[in-house]
Amino acid sequence: MPVTALDPKTALVVIDLQNGITAIPGAPYPTADVITRTAELADAFRKRGLPVFLVRASFRADGADRMPGRTEQPTRATGTPPADADQIVPQLAGHPEDTVVTKRNWGAFHGTDLDVHLRRRGVTQIVLTGVATSFGVESTARAAHEHGYNVTLATDAMTDLSPESHIHATTYIFPRLGETGTTADILAKLPA
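Q: What should I look at first to understand the environment of valine 101 in this one?
A: If you trace the backbone, valine 101 turns up in strand β3 (residues 99-103). Judged by relative accessible area, which is 1%, valine 101 ranks as buried.

Q: Got a minute to help me understand unusual backbone geometry in this structure?
A: In most cases, non-glycine residues show a negative phi, while peptide bonds are predominantly trans. Of the consecutive residues alanine 27 and proline 28, the connecting peptide bond is found in the cis state with omega at 10°. Here proline 28 shows up in the loop between α1 (19-22) and α2 (31-47). Cis geometry marks the peptide bond from valine 131 to alanine 132, where omega comes out at -10°. Although it is not a glycine, aspartate 16 adopts a positive phi angle of roughly 60°. Tracing the sequence through the fold places aspartate 16 in the loop between β1 (10-15) and α1.

Q: Mind showing me how you'd approach the side chain of threonine 99 here?
A: On the secondary structure map, threonine 99 appears in strand β3. Excluding residues within four positions of it along the chain, threonine 99 makes contact with Val52, Phe53, Leu54, His117 and Arg121.

Q: Help me understand helix α4 (residues 133-146) in this model?
A: Owing to its 3.6 residues per turn, the α-helix brings residues three or four apart onto one side. A rise of 1.5 Å per residue sets the reference length of α4, with its 14 residues, at 20 Å; its end C-alpha atoms lie 18 Å apart and thus fit the reference within 8%. Among the residues making up α4, those that are buried are Thr133, Gly136, Val137, Glu138, Thr140, Ala141, Ala143 and Ala144. Phi turns positive one or two residues past the end of α4, at glycine 148, with a value near 90°.

Q: Even after reading the chapter, I still don't get α2, so can you show me in this structure?
A: In this model, α2 (17 residues) spans 24 Å end to end at C-alpha, consistent with the 24 Å of a helix rising 1.5 Å per residue. Of the surrounding elements, those touching the buried residues of α2 are β1, α1, β2 (52-57), β4 (125-131), β5 (150-159) and α6 (183-189). Just downstream of α2, glycine 49 is the residue with a positive phi angle, here 75°.

Cut-offs used in this document
Residues numbered from 1 in each chain as written. Predicted model: local features only at pLDDT ≥ 70, side-chain atom pairs only at ≥ 80, totals over all residues. Heavy atoms only, no water. Helix = DSSP H or I, 4+ residues; strand = E, 2+ residues; numbered from the N terminus. Buried < 20%, exposed > 50% of the residue type's maximum accessible area, 1.4 Å probe, protein only. Contact = heavy atoms within 4.5 Å. Expected span 1.5 Å × (residues − 1).

Here it is as structure tokens:
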């Protein structure tokens, strides 16, 4: 379903637009385009006094707080990440009114205080952007839906490791969790 409305108490939630993750090439959209579109949304939200949440993944140097469990494909990064890998990209950083949430899982709700921040501000809807569509964004969208938020997904302000993964999430998963639209669609629904 296309974007029909934005609640008066809508927040922008940005997933993993941080130095270490955005260095990985994205598909179908270049990561630089995702950052640009997300920055446009963030500026519009801030201008209207709507909250912006910047979610980043960060882990202890020894990896003790990384997700456990056996998987068929590696889910843990190897080696030592650069010192600034968990820092929000410069295009989004530096706004004291934004809230930075640190996560240690794919989704932004489990083990974080994101839900508390949203509820204390009376937020009833979230707009999601970020990387990667089928990992952090999808996990967060599922949890937001389960927490009772209206969910809107800016499908051109997110990207994945492959176009197929992005298309699968945006075509088959996201319409069951909320409404999808482009950055322009969402900007058009923001109050003047």
